[in-house]
Amino acid sequence: MTQLSTLPDATIQRPDLRPALIVGASGKTGRRIADRLDARGVPVRRAGRSTEPRFDWTDRTTWASALEDVGPVYISYQPDLIADGAVADIAEFVRLADKAGAARLVLLAGRGEPEAEHAGRVVHAAQADSTVLSCAWFDQNFSEGGFAPEIDAGSLTLPVGEIGEPFIDADDIADVAVAALLDTTSDGENPHAGKTYDLTGPRLLTFAEVATELGGATGAAIAFHRVTHDEYRAILASAGLDAPTIELMSTLLTNLFDGRNSSVTTDVADVLGRPARDFTYFAAFAERHR
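Now for a quick tour of the structure. (Residues numbered from 1 in each chain as written. Predicted model: local features only at pLDDT ≥ 70, side-chain atom pairs only at ≥ 80, totals over all residues. Heavy atoms only, no water.)

Focus on the sheet that holds strand E6 (residues 129–135)
For sheets, the rule is that strands pair by backbone hydrogen bonds, running either parallel or antiparallel. Ordered in space as E3-E2-E4-E5-E6-E9, the six strands form an open sheet in which the pairing is parallel. A single partner strand is all that each edge strand has here, and the edge strands are strand E3 (44–47) and strand E9 (195–199). Neighbouring strand axes in the sheet, compared pairwise and without regard to direction, differ in orientation by 15° on average. Here four bridges tie strand E4 (residues 72–75) to strand E5 (residues 104–110), and the two strands are oriented parallel to one another. Opposite Ile-75, over in E5, you have Leu-107 as the bridge partner. Packed onto the sheet, helix H6 (residues 170–182) meets strand E2 (20–23), E4, E5, E6 and E9 and runs at close to 155° relative to E5. (Pairing = 2+ DSSP bridges. Helix = DSSP H or I, 4+ residues; strand = E, 2+ residues; numbered from the N terminus. Axes fitted to C-alpha atoms, helices over the stretch in contact; angles between N-to-C directions. Contact = heavy atoms within 4.5 Å.)

What follows is the structure in structure tokens.
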């Protein structure tokens, strides 16, 4: 069961019973958050390109209807906050959310991304209560994301060397997000208002170590291959990815693995009152559910 924040006097009382809007409700975090809110009996409005009302980050005319009469809002931007125009989109979304009277805004942000930090400042300038979740790379990128097919084939190929990353479980992110969306103190305050949480797993692993741990869980060796960035671009192109996606992936893997994120925090434990899940737990869980 998801624990609530251990901050003083945090409760599950919600004076605002308007639906929670989950932008990106089919994504790794959005799906988990929406399911947790459903389990608590919280009204949920799942927003995406195939929902009603429809929500599309590339079509601003869809945003206002999704925001109509909502309480707390979870914001997951696609494809990533480093994309051109992302911060401007977030600024317009925040303006519309404030106009609609949204109570809380919780932004998913990539750790170590200057553009994500800028977007976080925009969200914190909102009239609504705001919380930013600055997250390390997800464990689930290896089971639900673009790396999964290659891993299933027994290898992992990336242009990344011996840089440690504090990979985080998407379930931990979802638990923290639910706390940020719902927690209210006994005097009616939001204990997460104005906070930026730096969310990481409990230890650093290189991608080569990730391959080893995943192989140990499956019982079949997974070979890690380091390639140059040009070689990786060629691999992505041969897989049929379009130029913007190739550029995005290349930028992420070039800029974020220079050591800037090679540290762990206790923010997951500080919010939830329990340690962050270790990658070993994820690897075993992913294997059980293959």
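Comments concerning the nonpolar core
Residues Ile-90, Phe-93 and Leu-105 are the most contacted members of the largest nonpolar core, which totals 31 residues. Going through the elements one at a time, E2, helix H2 (63–67), E4, helix H3 (86–100), E5 and helix H4 (114–124) are the ones with two or more residues in this core. When residues of this core are assigned to their parent elements, the largest contribution, seven residues, is made by H3. Dropping the residues within four chain positions of it, Ile-90 is found in contact with Trp-57, Ile-75, Tyr-77, Leu-81, Leu-107, Ala-119, Val-122 and Val-123. Grouped together as the second largest cluster of nonpolar side chains are 30 residues, Leu-108, Ala-177, Val-268 and Leu-272 included. (Core = buried A, V, L, I, M, F, W, Y, C linked by side-chain atoms within 4.5 Å. Buried < 20%, exposed > 50% of the residue type's maximum accessible area, 1.4 Å probe, protein only.)

Examining the packing of helix H1 (residues 28–39) against H6
Relative orientation and spacing of two packed helices are given, respectively, by the angle between their axes and the distance between those axes. Interhelical geometry of H1 versus H6 gives an angle of 55° and a closest axis separation of 9 Å. With respect to each other, H1 and H6 are oriented oblique. Of the two possible hands of crossing, H1 and H6 adopt the one that is right-handed. Residues Lys-28, Thr-29, Arg-32, Ile-33, Arg-36 and Leu-37 of H1 touch H6, and the partners they reach there are Ala-170, Asp-171, Ile-173, Ala-174, Asp-175, Ala-177, Val-178, Leu-181 and Leu-182. Taken together, the residues that form the contact of H1 with H6 break down as nine nonpolar, one polar and five charged. (Parallel < 35°, antiparallel > 145°, perpendicular 65-115°, else oblique. Left-handed = near helix turned anticlockwise from the far one by under 90°. Nonpolar A, V, L, I, M, F, W, Y, C, P; charged D, E, K, R; others polar.)

By themselves, these are just geometric observations and shouldn't be taken as functional.
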